[in-house]
Amino acid sequence: MNPEIDRMRRADSAVARYKAATAGLSLLGLVLPDDLEGHRERFLRAAERGRWDNPRFTYREIDDGTSQPLRRICEETASHDDPWHRLIADEAARYLDRYRACASHDAARITEATSRENGTPDEGLLADALGLLRKGPAEEGQGQGQAAEQGQAPELSADDAAAAIADVLAQERLADWTVRIRLGAAARMSVSTADRSVRIRAGIQLSEDELVRLIVHEIGTHVFRWVNALRGAQILGLQLSGHTATEEGFAVWNEQRAADGNGLDRRFALRVVAVDAALQGSFTDVVRALTPYTSVGTAFDVAVRVKRGLVDTSVPGGFVKDHVYLAGFRMLEKHLNLRPGDHDLLMSSKWPLHRLDLLRDAEIPAQLGEDLRRPDEAFVERARVLVRKRRRGPTRRG
């Protein structure tokens, strides 16, 4: 065994305790507003009458004692001389800081904690996003988004998508993963490694290409990276600080290879504009910044993502994360153009790009052998075949 992997494995017990301590501390669950569908309906009705009201969100009560195990992990691991235990201590402290900020529902604290983790959009990224949006039509059409832009009808319901994803999970021998349809989710689709589930927002409508791209994004990248990491030392499965830009940017990079020649999903550009607007203004300021490029309904959905966690959405600030989809994609695009061989290295763990040298030194991909899962052309074609079985009506191509 590689000596570095052996040293990593000595921290497995601490990693297991860290994972157990964070399993019930979902940051996204913490900042999901109650009755999101109700807020959406009220906002759209008011907008039709020419009113733009900042929603005031409420959230479920959190037992303060739930973070106690994570505090103990910080104390236990910080006393070790081993660098891998110290890394766990640092990650536990960072996670606890973000958790406390989100639990406060205070705009300033959430903004500071999430900005420290994910950075903020710079002028170059904002210009990139606006350039992408100006290339497309001003109106996407009742929230159909990328599908409308490319001439595809959104023929797949949330139930259809759930059935297709269940088929993909079964085909990829991921029988311990489940699919759940959830009311009021902020994202159309997301992955939870804590309970091994793929979550779909109730009521969505997707085209074939949209669903295939989401499968590559969520399963082919997020799930596959996690499953690959589980075959090595447990620390490889930790989402180390700074990982989000790599994780999401890599997912976008992978889905672009399955995009049938279509351009970047405009939602990623919308999200950059939304984060920039949220840092400077209110919920309605975010919506107004987006409506030149999309429908009010889509603008509301994107605004929720950057204002989630706040009670008073009239103040500047927000949950600063969504610009990393485009920023991370550009970062990964540049890196993989220079070092295409690092694709397997990235697929072998949940670590961020700036930690790749540690993985390279430990020869991690070689340790995983032929069983490394990849969102390659064969995977994309298998997914597309299963999606087509769930379509209503004849096949159309964008």
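Residues numbered from 1 in each chain as written. Predicted model: local features only at pLDDT ≥ 70, side-chain atom pairs only at ≥ 80, totals over all residues. Heavy atoms only, no water.

Peer 1: What's the story with helix α10 (residues 158-171) in this structure? I'm lost.
Peer 2: Side chains three or four residues apart in an α-helix point the same way, a direct result of the helix having 3.6 residues per turn. Its 14 residues give α10 an end-to-end C-alpha distance of 20 Å, which sits within 8% of 20 Å, the value for a rise of 1.5 Å per residue. Taken residue by residue, α10 has Ala158, Asp160, Ala161, Ala162, Ala164, Ile165, Val168 and Leu169 as its buried positions. Immediately downstream of α10, the backbone of Arg173 shows phi near 60 degrees, a positive value. (Helix = DSSP H or I, 4+ residues; strand = E, 2+ residues; numbered from the N terminus. Expected span 1.5 Å × (residues − 1). Buried < 20%, exposed > 50% of the residue type's maximum accessible area, 1.4 Å probe, protein only.)

Peer 1: Explain the pairing of strand β4 (residues 197-201) to me, please; I cannot follow it from the model alone.
Peer 2: Where a strand is regular, its side chains alternate between the two sheet faces. Among the five residues of β4, five are classified as buried, and the element is accordingly described as predominantly covered. Side chains of β4 alternate between two faces, with Ser197, Arg199 and Arg201 and Val198 and Ile200 buried alike. For strand β2 (residues 178-182) and β4, the ladder comprises five bridges, and the chain directions are parallel. Looking at the pairing, Arg182 lines up with Arg201 of β4. Across four bridges, strand β3 (residues 189-192) lies against β4 in antiparallel orientation. Counted as the bridge partner of Ser192 is Ser197 from β4. Connecting the antiparallel pair β3 and β4 is a turn made up of four residues, with Arg196 showing a positive phi of about 50 degrees. (Pairing = 2+ DSSP bridges.)

Peer 1: Teacher, can you tell me more about the environment of Ala258 here?
Peer 2: Along the chain, Ala258 turns up in the loop between α12 (243-257) and α13 (266-280). Placed 247 residues apart in sequence, Ala258 and Ala11 show a C-alpha to C-alpha distance of 37 Å. In this view, Ala258 contacts Val216, Val380 and Arg384; residues no more than four positions away in its chain are not counted. (Contact = heavy atoms within 4.5 Å.)

Peer 1: How should unusual backbone geometry be read in this particular structure?
Peer 2: Keep in mind that most residues, glycine aside, have a negative phi and that most peptide bonds are trans. The residue Asp35 is not glycine, and still its phi comes out positive at about 50 degrees. Relative to the helices and strands, Asp35 is located in the loop between α3 (27-30) and α4 (36-48). A relative accessible area of 48% places Asp35 in the partly exposed class.

Peer 1: Could you clarify how one ought to interpret the nonpolar core in this entry?
Peer 2: When a protein is soluble and globular, its nonpolar side chains tend to lie buried together. Counting 112 residues, the largest nonpolar core has Ile88, Ile165, Leu211, Ile215, Ile219 and Ile235 as the members making the most contacts within it. Ranked by the residues each element gives to this core, the list is headed by helix α11 (residues 208-229), at eleven residues. Once you skip the residues sitting within four places of it in the chain, Ile88 turns out to touch Ala11, Ala14, Val15, Tyr18, Ile73, Thr77, Ile235 and Leu238. (Core = buried A, V, L, I, M, F, W, Y, C linked by side-chain atoms within 4.5 Å.)

Geometric descriptors of this kind do not, in isolation, establish any biological role.
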